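For reference, the chains in residue letters:
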Amino acid sequence: MELVTLKRFEKGFVTAGWIGMIGGLCLLLLLNILILTNIDVTDNNFYLFVYLTAPFNVIAICSKKSRSLGIWGLSILLFIMIFTVIIFFLGWMVIPFP
Amino acid sequence: MDDYEKLIASSKAEIANANDQSNYQKVIKKTIFTSKWKLIFATLTMILLIVPTSFMMTFMYYAFGTSSTTLMDVASETLYVTEPNTSLEEIEFDMSFTPFSMKLAFEQYKRIGEEDYKANTYDLRFFLGSLSKKEVTTSLERIAPKKPTETNPWLIHPENRNLQIDTGREWRVLDGLPDETVVEAYISFFDLMTVKEAEKTMPNVDVVWAAVDTGVEKTNLSKDGGVVSPIGYPVQRDNSTWSPFRDATSNEEVFKDILKTMENHEELATAISSAKNLALPERIDYINKFGVKTYGVVVTGPKKDVLALEKMNIVRYLKVGEVKLWNWSR
């Protein structure tokens, strides 16, 4: 009985992992579109999606079976965050206008 | 165990074995399916990382390599000294980035009478530090020759006898304009003079830009045989926020500084300007040796006052530039 419950939980973790990873990929795709169409990344609800995707990846990390998916998704989100910080600070140096 | 029981036992064992086999196959299939999708998503992740990573590298290049501000300054300063009577509103510069490239778009203005009018719209694309595309959309009615040759400049050195301007026609064109117009005119002198002397001799019109004698204007050819175009600087005080001549004690000194900056980026400056060849080291040496003297200026003012210059014995040639309706308040 306990084994069945644990298996169900595991399925949930794996599903969360896939959702988190695919969500991260979608955000990465959106980031690509924003860059190529010259739309300001900070000017839209982009980060709302980042905050929505992150919990799925955190949940996925808790199970051994879905850990790789969770780490994968979180790495994508971390990359997006680092990208934003770097672009924000370099933007001050590169664009001289207020 | 009799034969019957043996048969039943072996059948049960066979059935159990078959179940295990199908379970095993199911697990194998599921694992292959998951790995296949993981591989697809890993490839997608790698592909989608290319653009943001190259965008970050582009920003790093324009921040720590050839800076975007340097490119912008070279572009604006080049236009100030190579395009007569023009100014830029750098605050209106539109700067945007795509991976490995930068786009600069801005408008250039001309002073005609007492007002500034849009002259050109520039769209410059840089691939990292070099100019990859230049597009100029002009709003002018009288456009200087697109391909400069040694015989077609609008400002002519006193010792240059190789000319294409029909100056008599230009004076007649000017005479035919209504009195209620303001005019931009390109005036060439019989002799070299300082910019202050030029201003003093023409008090009724505004001297807006002065072409500087750099030793190559007698033939309009540099030492290496390339065609050169006039260079000079704005004469009037320029208080626009981003102008290189803002709050300058002497525009002449700023002009010399600009030439030095341009010399460090001569290839880029040549690509940005409409001149084929800037020959800066040669011209800077000449200016340092003989000082800044002008052989021609761009003036603007009421048609009548510009026409009155014909009677002055210093004016050798005239070329009429842009004409606008009256906006003179003096």
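For every chain, the first residue of its written sequence is number 1, and the numbers climb from 1 along that sequence. Here the convention is simple: chains get letters from A, ligands get numbers from 1, in the order in which they are written. Reporting in this predicted model follows two pLDDT cut-offs: at least 70 for local features of residues, and 80 or more for side-chain atom pairs to be given and counted; totals over whole chains, interfaces and linings ignore these cut-offs and use all residues.

## Overview of the overall build of chain A
Point 1. What counts as a helix is a DSSP run of H or I of at least four residues, what counts as a strand is a run of E of at least two, and both are numbered from the N terminus. Across its full length, chain A carries three helices and zero strands.
Point 2. Taken from N to C terminus, the helices and strands of chain A fall in the order α-α-α.
Point 3. The burial tally for chain A puts 30% of its 98 residues in the buried class.
Point 4. For chain A, restricting intrachain contacts to residue pairs at least 6 apart in sequence, the fraction spanning at least 24 positions comes to 69%. Buried residues are those with 20 or more other C-beta atoms within 10 Å of their own C-beta, exposed residues have 12 or fewer, and partly exposed residues lie in between; C-beta atoms are placed from the backbone. This entry defines residue contacts through backbone-placed C-beta atoms, with two residues in contact when those atoms are within 7 Å.

## A word on the overall build of chain B
Point 1. What chain B contains, in helices and strands, is eight helices and 10 strands.
Point 2. Along the first, second and third principal axes, the C-alpha set of chain B runs to 140 × 45 × 35 Å.
Point 3. Scored against the burial criterion, the 330 residues of chain B give a buried share of 35%.

## Points about the sheet that holds strand S6 (residues 181–193) of chain B
Residues and elements named next belong to chain B.
Point 1. The strand order across the open sheet formed by five strands is S8-S7-S9-S6-S10, and the pairing between neighbours is antiparallel. Here the strands that pair on one side only, and so sit at the sheet edges, are strand S8 (232–234) and strand S10 (315–325). Strand-to-strand twist of the sheet, defined as the mean angle between neighbouring strand axes without regard to direction, takes the value 20 degrees.
Point 2. The pairing criterion for strands is at least two bridges between them, as found by DSSP. Sheet topology note: the S6/S10 ladder contains eight bridges and is antiparallel. Across the sheet, Ser-188 pairs through a bridge with Tyr-317, a residue of S10. The axes used here are C-alpha line fits, helices contributing only the stretch in contact, and every angle between their N-to-C directions lies in the interval 0 to 180 degrees.

## Some thoughts on the interface of chain B and chain A
Point 1. If you look at the interface, chain B gives 19 residues, while chain A gives 19 residues.
Point 2. Elements that contribute at least two residues to the side of chain B that touches chain A include exactly helix H1 (3–64), helix H2 (68–82) and strand S2 (94–98) of chain B.
Point 3. The element that contributes the greatest number of residues to the side of chain B that touches chain A is H1 of chain B, accounting for 12 residues.
Point 4. For this classification, Asp, Glu, Lys and Arg are treated as charged, while Ala, Val, Leu, Ile, Met, Phe, Trp, Tyr, Cys and Pro are nonpolar and the rest, including Gly, are polar. A breakdown of the residues in the side of chain B that touches chain A according to their chemical character gives 14 nonpolar, five polar and no charged.

## What about unusual backbone geometry?
Residue and element names in this part refer to chain B.
Point 1. For Asn-85, which is not glycine, the phi torsion reads 50 degrees and is therefore positive.
Point 2. Looking at the element boundaries, Asn-85 is found in the loop between H2 and strand S1 (87–88).
Point 3. The buried category is assigned to Asn-85, around which 26 C-beta atoms lie within 10 Å.
Point 4. Its identity as a non-glycine residue notwithstanding, Leu-128 has a phi of 50 degrees, on the positive side.
Point 5. With 14 C-beta atoms packed within 10 Å, Leu-128 lands in the partly exposed category.

## Re the packing of H2 of chain B against helix H5 (residues 251–264) of chain B
Residue and element names in this part refer to chain B.
Point 1. For the pair H2 and H5, the least separation of the axes is 10 Å and the interaxial angle reads 125 degrees. Between H2 and H5, the crossing angle belongs to the class labelled oblique. Pair H2 / H5 crosses with left-handed handedness. Contacts from Val-74, Glu-77, Thr-78, Tyr-80 and Val-81 in H2 reach Phe-255, Ile-258, Thr-261 and Met-262 in H5.
Point 2. Within the contact of H2 with H5, the residues separate by chemical class into six nonpolar, two polar and one charged. With respect to orientation, any angle under 35 degrees is reported as roughly parallel, any angle over 145 as roughly antiparallel, any angle of 65 to 115 as roughly perpendicular, and every other angle as oblique. Each helix crossing is assigned a hand: it is left-handed if the near helix lies turned anticlockwise from the far helix by less than a right angle, otherwise right-handed if that turn is clockwise.

## Looking at the domain arrangement of chain B
Residues and elements named next belong to chain B.
Point 1. Domain start and stop positions are those given by an automatic or database domain assignment. Domain annotation for chain B reports domain 1 (1–65) and domain 2 (69–325).
Point 2. Computed over C-alpha atoms, the centres of domain 1 and domain 2 are 70 Å apart.
Point 3. Across the contact, eight residues belong to domain 1 and six residues belong to domain 2.
Point 4. Looking at the side of domain 1 that touches domain 2 residue by residue, the class counts come to five nonpolar, three polar and no charged.

## What about the confidence of the model for chain B?
Caution is warranted with low-pLDDT regions, since their predicted coordinates should not be read in detail.
Point 1. Each residue carries a pLDDT score, the predictor's own confidence in it, on a scale running from 0 to 100. Mean pLDDT over chain B: 88, with 97% of residues reaching 70 or higher.
Point 2. Scoring of the predicted complex yields 0.81 for pTM and 0.89 for ipTM.

## Points about the nonpolar core
Point 1. Counting 89 residues, the largest nonpolar core has Ala-210, Val-297 and Val-299 of chain B as the members making the most contacts within it.
Point 2. The element best represented in this core is helix H3 (residues 67–94) of chain A, accounting for 10 residues.
Point 3. Mapping this core onto the domain boundaries places at least three of its residues in each of domain 1 (1–65) and domain 2 (69–325) of chain B.
Point 4. If sequence neighbours within four positions are ignored, Val-299 of chain B has contacts with Ala-185, Ile-187, Met-202, Val-205, Asp-206, Val-207, Val-208 and Val-306 of chain B. Note on terminology: a nonpolar core is a set of buried residues of type Ala, Val, Leu, Ile, Met, Phe, Trp, Tyr or Cys, with members joined through C-beta atoms within 7 Å.

## Observations regarding the confidence of the model for chain A
Point 1. Confidence in the prediction for chain A averages 85 pLDDT; 87% of positions are at 70 or higher.
Point 2. Between the elements of chain A, mean pLDDT differs from a low of 84, seen in helix H1 (residues 2–36) of chain A, to a high of 92, seen in H3 of chain A.

## Topic: H3 of chain A
Point 1. Given a helix with a known number of residues, its expected span is that number minus one, times 1.5 Å. Taking 1.5 Å of rise per residue, the 28 residues of H3 of chain A would be expected to cover 40 Å, and the 39 Å separating its terminal C-alpha atoms lies within 8% of that figure.
Point 2. Burial in H3 of chain A covers these residues: Leu-69, Gly-70, Trp-72, Gly-73, Leu-74, Ile-76, Leu-77, Phe-79, Ile-80, Phe-83, Ile-87 and Val-94 of chain A.

## Overview of the environment of Leu-30 of chain A
Point 1. Along the polypeptide, Leu-30 of chain A turns up in helix H1.
Point 2. Through-space distance from the C-alpha of Leu-30 of chain A to that of Phe-88 of chain A is 18 Å; in sequence the pair is 58 residues apart.

## A closer look at the packing of H5 of chain B against helix H7 (residues 280–290) of chain B
All names here are of chain B.
Point 1. Interaxial distance between H5 and H7 falls to 10 Å at its minimum, and their mutual angle equals 155 degrees. One finds that H5 runs roughly antiparallel with respect to H7. The way H5 lies across H7 gives a crossing that is left-handed. Here Lys-256, Leu-259, Met-262 and Glu-263 of H5 lie close against H7, whose contacting residues are Leu-280, Pro-281, Ile-284 and Ile-287.

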